[in-house]
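For reference, the chains in residue letters:
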Amino acid sequence: MKKIVGIIAAAALATSAFAEINIGSWNRAVFEPLHYDGDTLRSFNGASWGVGDKGGSRTSLSFSASTENAGVVIDLHSNPAIGVGDNSYVWVKPIDMLTVKFGKIDNANGRLDHCFGAWDASRFATMEGEGLAGVDRSWRGGQAANIVLEPVEGLIIDYQANFEASVDGTRVSDSHAYDILWESSSTMIGYKADFGFIRAIINGKQATTYKAGEDTKPAALIGLAADITAVENLTLKFGVSVPTDLTHFEYKAGKAATTKYVLDEYTNNGVKTKTEDVAATKASFSGNAIKAAVAADYNLDALAFHGHVEADVMPNKVEDGEAKLGAFGVKVGAGVDYAFNDAWKLITDFRFQSWTATKVDVTDVKYEDPAWGAYLGLRQQLTNASFEFGGMFGTRSLKNTATGKEDNFTFAVPLTITASF
């Protein structure tokens with residue numbers, strides 16, 4: 001036994017001389033003892049992005065091992081069962097300017113983010129945050145091959161080929177090289193300097209028809225973004241995204257089976273579901289909108305101000321086999337934080353979106369039912385964790401409103417724990 005222990009200790013010592021091994025953990029849990037959905041008072045739990053989701057709260061472990069030119073990263077999530085999390089990949093650096101990763105990769109490099117207010121508590125259903133103005137990386141968190149080239153200081157070229165394509169919003173496996181290397185790819189070209197970070201992102205899309213009756217053509221979503229930090233205590237963010245297939249649309253006639261949750265019917269395994277036949281939309285628009293946004297964060301001692309405005313230009317009619325742009329939508333977010341001291345912070349958040357429903361009547365497209373929401377929270381900062389409690393309310397802005405009427409006032413009281421190790 002002593003010999004075995006000695007061998008293990010020697011191996012561990014030898015390994016530590018060459019490799020760095022790390023174990024970390026990030027966790028987020030939200031409990032809503034009171035959640036009024038416009039009809040019934042309920043209770044929910046989950047993570048910030050999925051309160052009420054049967055996946056439960058996020059508890060995780062992250063493992064990594066690395067030397068100067070190779071490494072491995074593995075995330076394990078246990079919500080509710082233990083499984084592979086966002087990342088599980090191996091990487092090498094053949095030369096100093098080149099990093100190559102193979103495996104499951106959650107790549108958000110270059111994404112335009114503006115996360116504040118209720119983002120770290122129970123998020124609004126209408127909340128913008130990650131991928132503001134549509135500037136995002138495609139198919140994050142799937143099997144991929146990632147190549148990052150940094151030929152000179154500040155210049156970054158990040159290409160990722162993804163092995164999980166998407167058809168009508170459903171991920172499917174496909175081995176065609178064109179699908180993997182272009183239609184499901186994401187390329188970011190960026191430059192970081194003292195003034196901030198500017199970049200362009202090209203996300204490949206499944207081939208589509210730009211006009212009815214024509215053959216399919218290559219498609220992509222092109223995003224441009226900048227984070228400007230030249231002014232002390234002020235961060236300005238700009239972003240715009242434009243798809244190449246702006247005029248594309250599809251007719252869907254007849255009836256389609258739609259699965260809905262019935263929150264009143266509980267079983268030992270969770271919530272029952274039922275299938276209802278509902279009339280399908282006569283025309284379907286998928287991603288053909290021009291989006292632009294500006295955001296700002298300003299820190300002034302104990303005060304922090306946050307705000308952004310996104311404007312979307314969307315189709316307003318179908319004419320001669322094409323979708324015609326002409327409708328405008330607006331999304332607004334604003335918040336103020338006040339730190340009483342190092343341990344306590346007051347957080348406020350307000351959201352507005354000019355539409356939540358798209359209705360199509362043969363040729364005319366209408367955007368209806370605006371949403372608004374507000375949040376007030378108090379956060380206690382602990383050594384390696386935070387505990388936050390607050391209240392949120394609004395119309396068409398909270399999650400889990402399946403049984404309430406869409407015009408009803410809703411509210412929730414979330415309690416949030418975030419812990420890192």
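Fair warning: this is a prediction, and the values are worked out from it, not measured in the lab.

Re the pairing of strand β14 (residues 217–228)
Regular strands show a simple pattern: their side chains alternate between the two faces of the sheet.
Okay, step 1: Examined bridge by bridge, strand β13 (residues 196–208) and β14 share 11 bridges and lie antiparallel to one another. By the bridge assignment for β14, R199 is matched with A225.
Okay, step 2: Pairing geometry for β14 and strand β15 (residues 234–243), over 8 bridges, is antiparallel. Note that in β15 the partner of A226 across the bridge is F238.
Okay, step 3: Counting the residues between successive antiparallel strands, the hairpin from β14 to β15 contains 5 residues, one of them, N233, with a positive phi of roughly 70°.

Concerning the nonpolar core
Okay, step 1: Counting residues in each nonpolar core, the largest one holds 12 residues, listed as L112, L132, A133, V135, V148, I156, M188, F197, I201, A225, A293 and A295.
Okay, step 2: Only β13 and β20 (290–300) provide two or more residues apiece to this core.
Okay, step 3: Each residue touching I201, except ones within four places of it in the same chain, is listed here: G110, R111, V135, D136, R137, S186, T187, M188, L221, I222 and G223.
Okay, step 4: Ranked by size, the runner-up nonpolar core spans 10 residues in total, among them A118, F124, I347 and L398.

As for the packing of aromatic side chains
Okay, step 1: Summed over all chains, the structure comprises 8 aromatic pairs.
Okay, step 2: Ring geometry for W26 and W49: centres 6.3 Å apart, planes at 15°, overall stacked. Pair noted here: W26 is in strand β2 (residues 26–36) and W49 is in the loop between β3 (41–46) and β4 (60–66), with a separation of 23 residues, a long-range link.
Okay, step 3: Measuring from centroid to centroid gives 5.9 Å for W372 and F393, while their planes differ by 75°, and the two rings are edge-to-face. Placement of the pair is W372 in strand β26 (residues 371–381) and F393 in strand β27 (residues 385–395), with a sequence separation of 21 residues.
Okay, step 4: Overall, the relative accessible area of 34% leaves F393 in the partly exposed class.
Okay, step 5: Taken together, the ring pairs connect W372, F393 and F409 into an aromatic cluster.
Okay, step 6: The positively charged end of R123 is found above the aromatic ring belonging to W119, 3.6 Å away from the centroid.
Okay, step 7: We note K192 situated over the ring of F197; from NZ or CZ to the ring centre the distance is 5.0 Å.

Criteria and cut-off values
Here the residue numbering is sequential within each chain, running from 1 through the sequence in written order. pLDDT decides what is reported in this predicted model: residues at 70 or higher carry local features, side-chain atom pairs at 80 or more are listed and counted, and totals for whole chains, interfaces and linings draw on all residues regardless. Hydrogens and water are ignored here; the side-chain numbers use all heavy atoms of the structure. Strands are labelled as partners when DSSP assigns at least two bridges between them. Where helices and strands are cited, they refer to DSSP runs of H or I of at least four residues and of E of at least two residues respectively, numbered from the N terminus. What is meant by a nonpolar core is a set of buried Ala, Val, Leu, Ile, Met, Phe, Trp, Tyr and Cys residues, joined one to another through side-chain atoms within 4.5 Å. Note on exposure labels: buried denotes an accessible area under 20% of the residue type's maximum, exposed denotes more than 50%, and partly exposed covers the range between, all computed with a 1.4 Å probe on protein chains only. Two residues form a contact once any of their heavy atoms are found within 4.5 Å. Only Phe, Tyr and Trp rings are paired, with Trp represented by its six-membered ring, and only when their centres lie within 6.5 Å; those with planes under 30 degrees apart are stacked, over 60 edge-to-face, the remainder tilted. Definition used: whenever NZ (Lys) or CZ (Arg) falls within 6 Å of the ring centre and also within 35 degrees of the ring normal, the charge is taken to sit over that ring.

Function cannot be inferred from these measures alone, as they are strictly geometric.
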